[in-house]
Amino acid sequence: MAKKITMKITDLAYKISTKELGNLEKDLIDLYYRELFEKQLYTKQCHLFETEIRGVFNHLIEQEEEHSFLLKIILSNAGIEVNELLDIKNLKQYANICDTIKYDINQEKLSAQSYEKTINRTNSKKLKQLLGHILTEEYKHIGVLQAYLSER
Ligand SMILES: [Fe+2]
Ligand SMILES: [Fe+2]
């Protein structure tokens with residue numbers, strides 16, 4: 001798990017102290033669960049559609065797992081316990097791949113907004129840098145999904 005994350009960004013996560021979280025504990029817990037949600041979303045969708053989209057979903061699953069791993073490091077260091085499993089009930093299911101991807105893009109946008117909000121609220125440079133790293137990848141997820149949609 002999370003082998004591909006560069007050591008540097010993992011190191012950064014370990015260096016963020018409880019004090020640096022300020023009053024953003026709840027925001028970070030929410031971000032963590034959003035990552036679990038996205039990971040499970042793509043894991044479930046992966047089985048619904050044929051071949052070519054699976055590569056995209058698998059890439060996204062891997063990245064959401066890395067994101068949740070980074071957030072879990074920060075939370076664990078602060079003594080905050082979080083569940084590792086989340087079971088999405090009532091997951092929206094669309095009959096076709098385009099509607100599914102449009103839904104996913106909206107979810108990615110919601111995640112990006114949550115990261116932007118938290119980045120703006122923290123005074124910690126390290127936390128800004130770490131969340132900024134994840135945010136950049138969320139923007140890329142939006143781009144990957146939009147590119148797939150436009151090719152159809
Ligand atoms: Fe993510
Ligand atoms: Fe994402």
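Everything that follows concerns the structure shown earlier in this document.
Residues numbered from 1 in each chain as written. Chains lettered and ligands numbered in written order. Predicted model: local features only at pLDDT ≥ 70, side-chain atom pairs only at ≥ 80, totals over all residues.

A. Geometry of helix α2 (residues 25-46). Between the first and last C-alpha of α2 there are 32 Å, a value that for 22 residues agrees with the 32 Å anticipated at 1.5 Å per step. Among the residues of α2, those classed as buried are Leu28, Leu31, Tyr32, Arg34, Glu35, Leu36, Glu38, Lys39, Leu41, Tyr42 and Gln45. Contacts from the buried residues of α2 go to α3 (52-77) and α4 (97-121). (Helix = DSSP H or I, 4+ residues; strand = E, 2+ residues; numbered from the N terminus. Expected span 1.5 Å × (residues − 1). Buried ≥ 20, exposed ≤ 12 C-beta atoms within 10 Å, placed from the backbone. Contact = placed C-beta atoms within 7 Å.)

B. Just the packing of α4 against helix α5 (residues 125-150), in detail. It is the contact of α4 with α5, at a shortest axis distance of 9 Å, that shows an interaxial angle of 160°. As the angle between them shows, α4 and α5 are arranged roughly antiparallel. Of the two elements, α4 crosses α5, and the hand of that crossing is left-handed. (Axes fitted to C-alpha atoms, helices over the stretch in contact; angles between N-to-C directions. Parallel < 35°, antiparallel > 145°, perpendicular 65-115°, else oblique. Left-handed = near helix turned anticlockwise from the far one by under 90°.)

C. Focus on the nonpolar core. Judged by nonpolar contacts, the single largest core of 18 residues is most densely connected at Leu28, Tyr32, Leu71, Ile74, Leu130, Leu131 and Ile134. Elements with a contribution of two residues or more to this core: α2, α3 and α5. Ignoring any residue separated from it by four or fewer positions in sequence, one finds Ile134 in contact with His67, Leu70 and Tyr115. (Core = buried A, V, L, I, M, F, W, Y, C linked by C-beta atoms within 7 Å.)

Take it as geometry only, folks, not as evidence of what the structure does.
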